[in-house]
Amino acid sequence: MDNRPIGFFDSGLGGLTCIAQLMKCLPKERIIYFGDTARTPYGSKATSTIKTFSTQIADFLIQMNVKMIVIACNTVSSTCLDDLRERYPNTPILGIIKPAAQKVAKMCNKNNSIGIIGTKVTIKSKAFEELIHQLNSDLKLHSLACPALVPLIEEGIIENEIMDLTIKYYLDHFIAYHKIDTLVLGCTHYPLIRANIEKLYPDISIVNPSEEIVESIIDELSAKNLFAEKAEADNTFYASDLSENFVNMINRIFELSEFRVAFKNFDGNL
Ligand code: DGL
């Protein structure tokens, strides 16, 4: 048993999409979340910059005495997972891409046409392709970077025509040309526009890494005997820039739950 919190981080509010599901399954666990809202988006930055930022945030979470770190960001998972594991060999660190790759390999066969969308960095890394093809090299994969989506989501521009037009700009041709029937939301921000995507392309099956990681977290806690006995304090959400939108999104995600939530503007040095 271990009552210490689980640390999550993302470039902004995308990683929150992993937490709502986790809290439903494991209400006794306590969360410390860090959203690097002052420096989002990461997905078009140089890998060296992303490594510096994610090391700073992971150092902060380790100082907060977390029992595990979940990289709730495909961009960081695709570029920094090995480095972070090397830096903190005694803390379990989970990336978000592998559980989604396992899901794709389980549900698809060579007759499917699988699309992977994500940030420029994630798509360029080919992390999804490598992990999926390790499990089944017959699967047909097509990938596409959609860099304008994250800034719109961070601004809360979701349920409107601008978002729908931006999705269509990226996906209409991609989906029609490759006859995509399965779409991997390879950025933790994208589940926040899942309803838009499903409305525009109702026949496509969606794979959501933010849902798939929950089982891996549970497996890891179970294997290492790290489940919490009781939630001892509030879930705490740090942001490097505590914007109104960040607070609103958290309240929206948790509005129907009984979880206690505290917000903190991060005023340390990153
Ligand atoms: N939510 C992140 C991801 O899963 C990062 C998006 C960004 O900052 O560009 O890739």
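Up top is the structure.
Rules used in this analysis
Counting of residues starts from 1 at the beginning of each chain's written sequence and follows it residue by residue. Reporting in this predicted model follows two pLDDT cut-offs: at least 70 for local features of residues, and 80 or more for side-chain atom pairs to be given and counted; totals over whole chains, interfaces and linings ignore these cut-offs and use all residues. Excluded from the side-chain calculation are hydrogens and water; included are all heavy atoms of the structure. Here a helix means four or more residues in a row that DSSP labels H or I, a strand means two or more in a row labelled E, and each is numbered from the N terminus. Here the radius of gyration uses the C-alpha set of atoms, whereas the globule reference equals 2.2 Å times the residue count to the power 0.38. Between buried and exposed lies partly exposed: a residue is buried under 20% and exposed over 50% of the maximum accessible area for its type, with that area taken using a 1.4 Å probe on protein chains only. In this description, contact between two residues means that some pair of their heavy atoms is separated by no more than 4.5 Å. Note that accessible areas follow from Shrake-Rupley with a 1.4 Å probe, and for residues the cover is restricted to the protein chains shown. His residues and chain termini do not enter the charge count, which takes Lys and Arg as positive and Asp and Glu as negative. Throughout, a charge is located at the NZ atom of Lys, the CZ atom of Arg, the CG atom of Asp or the CD atom of Glu. Each pair of strands is called paired provided DSSP finds at least two bridges between the two strands. Each axis is a line fitted through C-alpha atoms, taken for helices only over the stretch in contact, and angles between the N-to-C directions span 0 to 180 degrees. Near residues are defined by distance, with any heavy atom within 4 Å of the molecule or strand qualifying the residue. For this analysis, a polar contact is any N or O atom pair within 3.5 Å, provided that within protein one partner can donate a hydrogen and the other can accept it, and provided that sequence-adjacent residues contribute only side-chain to side-chain pairs. Asp, Glu, Lys and Arg are counted as charged, while Ala, Val, Leu, Ile, Met, Phe, Trp, Tyr, Cys and Pro are counted as nonpolar; the rest, among them Gly, fall into the polar class.

### Side note on the overall build of the protein
Here is step 1 of the chain: Each helix and strand in the protein was counted, giving 11 helices and 10 strands.
Here is step 2 of the chain: Here the C-alpha atoms of the protein give a radius of gyration of 18 Å, agreeing with the 18 Å that 2.2 N^0.38 yields for 270 residues.
Here is step 3 of the chain: With the C-alpha coordinates of the protein rotated into their principal frame, the extents come out at 50 × 40 × 35 Å.
Here is step 4 of the chain: By residue count, 54% of the 270 residues in the protein fall in the buried class.
Here is step 5 of the chain: By sequence separation, contacts in the protein at least 24 residues apart represent 77% of the contacts at least 6 residues apart.
Here is step 6 of the chain: When the accessible surface of the protein is split by element, carbon and sulfur atoms take 47% of a total near 12,300 Å².
Here is step 7 of the chain: Side chains of the protein carry 27 positive and 33 negative charges; the gap between the two charge centres is 4 Å.

### Some details on the side chain of H189
Here is step 1 of the chain: Among the structural elements, H189 can be located in the loop between β7 (182–186) and α9 (194–200).
Here is step 2 of the chain: When its relative accessible area of 1% is taken as the criterion, H189 is described as buried.

### Considerations on the sheet that holds strand β10 (residues 261–265)
Within a sheet, each strand pairs with its neighbour through backbone hydrogen bonds, oriented either parallel or antiparallel.
Here is step 1 of the chain: Read across the open sheet, the six strands follow the order β4-β3-β1-β2-β9-β10; overall the sheet is parallel. Both outer strands of the open sheet, β4 (93–94) and β10, are each paired with one neighbouring strand and no more.
Here is step 2 of the chain: The pairing of strand β3 (residues 68–71) with β4 spans two bridges and is classified as parallel. Directly across from V70, in β4, lies its bridge partner L94.
Here is step 3 of the chain: Helix-sheet contacts for helix α1 (residues 16–25) involve β1 (6–10), β2 (31–35) and β9 (235–239), and the interaxial angle to β2 is about 165°.

### Here's the deal with the site of the ligand
Here is step 1 of the chain: Residues in close proximity to the ligand total 14 residues, the closest being S11, Y42, N74, T75 and H189.
Here is step 2 of the chain: Within the side chain of D10, an N or O atom sits 3.0 Å from a nitrogen atom of the ligand.
Here is step 3 of the chain: Y42 places a main-chain nitrogen or oxygen 2.6 Å from an oxygen atom of the ligand.
Here is step 4 of the chain: When the ligand sits alone it has 300 Å² of accessible area, and the protein chains cover 99% of it.
Here is step 5 of the chain: Broken down by class, the residue content of the shell around the ligand amounts to five nonpolar, eight polar and one charged.

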